[in-house]
Every structure is written in C-alpha cells, then in structure tokens.
2 protein chains.
Amino acid sequence: MTETTKYTAMALIMKAMAHPTRLFILDKLNEKEHCVCELQELIGSDMSTVSRHLSVLRNAGIVDSRKHNNQVYYRLLCPCVLDVYQCMIQLRQEDKGLTK
Amino acid sequence: MTETTKYTAMALIMKAMAHPTRLFILDKLNEKEHCVCELQELIGSDMSTVSRHLSVLRNAGIVDSRKHNNQVYYRLLCPCVLDVYQCMIQLRQEDKGLTK
DNA sequence: AGACTATTTTCTTGTTTCGCCAAATAGCAA
DNA sequence: TTGCTATTTGGCGAAACAAGAAAATAGTCT
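Everything quoted here is computed from the prediction, not taken from an experiment. (Residues numbered from 1 in each chain as written. Chains lettered and ligands numbered in written order. Predicted model: local features only at pLDDT ≥ 70, side-chain atom pairs only at ≥ 80, totals over all residues. Heavy atoms only, no water.)

Q: Is there a simple way to explain the sheet that holds strand β3 (residues 71–76) of chain B in this structure?
A: By way of backbone hydrogen bonds, the strands of a sheet pair with one another, either parallel or antiparallel. Residue and element names in this part refer to chain B. With antiparallel pairing, 3 strands are arranged side by side in an open sheet as β1-β3-β2. Where the open sheet ends on each side, the last strands, each with one partner, are β1 (34–35) and β2 (63–68). The sheet contact formed by β1 and β3 spans 2 bridges and is antiparallel. Within the sheet, the bridge partner assigned to Cys35 lies in β3 and is Tyr73. (Pairing = 2+ DSSP bridges. Helix = DSSP H or I, 4+ residues; strand = E, 2+ residues; numbered from the N terminus.)

Quick look at the structure:
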C-alpha cells in the first residue's frame, strides 16, 4: 500500500465529518456563517460539546473562524465537502430498494 | 436539531469511509472488483483485518460482494463516494498555502 | 472423508472518541 | 474593578474502534 500518507490525510478529513452533529453544522454553515451560541441553540447539546465539534472541523481545515466582539463566527471553507451529501442520499435510497 | 436520523445515516456512511485502508480499498475497487486476498496482498495487514474493513464498507452499503469458488469478490456499488477525493485534495492544497 | 485454501468471526487488548461538568479565558459594559 | 456573556479547555467515565491471533466456516480437490 503505497501513498499511505495520501489516504491518511484524506481519512483525517473524512473522520472530522463523520459525525451527525458535525454534518448538521456543515449544512448550516453552508447557508451562512454562524456563531457558537446560534449553533448550540439549534443542536441542543452542551455549548462545550458544540465548541469541541467546531474545533474538530477547524483542525481538519474544513471551517474557519473569526472573532466579533465576544462571539466566534464559523464559516465553511470548502463547500465541496457537501457534494458527498447527494451521494449519501443516493446510497440510502438504493439500500431501501434492496431485497436482501 | 431536527432530521437527526438523516444526519445519523449519513454519518454512518462517512464513518465507514473514514479510514486510510478503507479509502485505499475503495480506490482499488473503483478500477475493478477484487477478492480479499488480492487486497490483502496490496495492503499488507492481516487478512482478518482486511476482511473486517470490507465488512464495514458492505454494512454501510458502499460495496457489495459475490462468491466465486472459495473466493469473495468485492465491487464498488456507488462510485460517487469517490468524488469527495477531489475535494480532499483541494483542501490539502489550501492548507499548505495558508500563512497561519 | 481428509487436506487445503479463502474468508469470516470471536476474543482480547490498547487506543480513540464522545459528552458533560467544572474551571479557565476573553471581551464588553457598568 | 466587578459582573456578565461567549467560548474554550481539562478531566473523567462510558462507548466505539482497530488490529492481530486463533478458532470457526465454506468451498475445492484428491
């Protein structure tokens, strides 16, 4: 298995996305940037948990943040990551259609 | 956070892909179908480990398998999952170009 | 049936992830 | 300074994940 680093790097990004809450966040950030408390409101879990999720996404280079007053606004750096969503939906449909 | 199930389902698929070895496998299966021992040869880890990875991908509905003699051939069900690869590469490039 | 090959499953161990609580940090306002 | 709000970070227990060794399964061949 050559080019191991290539797949490791990709896996890091995929892993960062591989969580329901984080996929939800990316979907929201695709519309417009949001601060942590707005997302926390929408998600419903502890603010620290939401902040953790956001830092995971930032470490993966998927989102970026800026500070305005005492709020931190996050925005989507790479909207292309959402392209997978269509494929996921397609996959789910196919699964439903399977006999076995 | 409404539509939780939607994001949970997508996360299952993403999680299945979020591993270097499994990304490598998908890349290989995109060319043509392969049996477990062929993949094991390419990857180098234990055959049981490779088989496990394949079952993760199959459970997620990304690949399918058929039995020929005493070998099991896996094939990619949904090539569209590989579209993310381009975005990953793009993300990596951007990261390199960042100053901070 | 018995040997052999390919694959899957079980088990065990070590690592990572998750989510909350509590404490720390930062900025604004009085 | 003190208080208030928004956010991040450290710590901890629970759950999920990963990988190899060994045992179990299934199919082929003689």
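Q: Would you mind going over helix α4 (residues 47–59) of chain A with me for this structure?
A: An α-helix turns once per 3.6 residues; consequently, residues spaced three or four apart project the same way. All names here are of chain A. The end-to-end C-alpha distance of α4, which contains 13 residues, comes to 18 Å, matching closely the 18 Å that a straight helix rising 1.5 Å per residue would cover. Taken residue by residue, α4 has Val50, His53, Leu54 and Leu57 as its buried positions. Projected onto a plane normal to the axis of α4, the buried residues spread over an arc of 95° and lie on a single side. Residues of α4 that are exposed and point over 90 degrees away from its buried face: Arg52 and Asn59. Phi for Gly61, located one or two positions after α4, is positive at around 80°. (Expected span 1.5 Å × (residues − 1). Buried < 20%, exposed > 50% of the residue type's maximum accessible area, 1.4 Å probe, protein only. Arc of directions from axis to C-beta.)

Q: What's the story with the protein's contact with DNA strand D in this structure? I'm lost.
A: Taken together, the neighbourhood of DNA strand D is formed by 22 residues, with Cys37, Ser51, Arg52 and Tyr74 of chain A together with Thr49 of chain B sitting nearest. By atom count, sugar and phosphate contribute 69% of the portion of DNA strand D lying within 4 Å of the protein. The backbone of Val36 of chain A places a nitrogen or oxygen atom 3.2 Å from a phosphate oxygen of DNA strand D. Between a phosphate oxygen of DNA strand D and a side-chain N or O atom of Asp46 of chain B, the distance comes to 3.3 Å. Considering only residue class, the surface near DNA strand D consists of 6 nonpolar, 11 polar and 5 charged. (Near = heavy atom within 4 Å. Polar contact = N/O pair within 3.5 Å; in protein donor to acceptor, adjacent residues only side chain to side chain. Nonpolar A, V, L, I, M, F, W, Y, C, P; charged D, E, K, R; others polar.)

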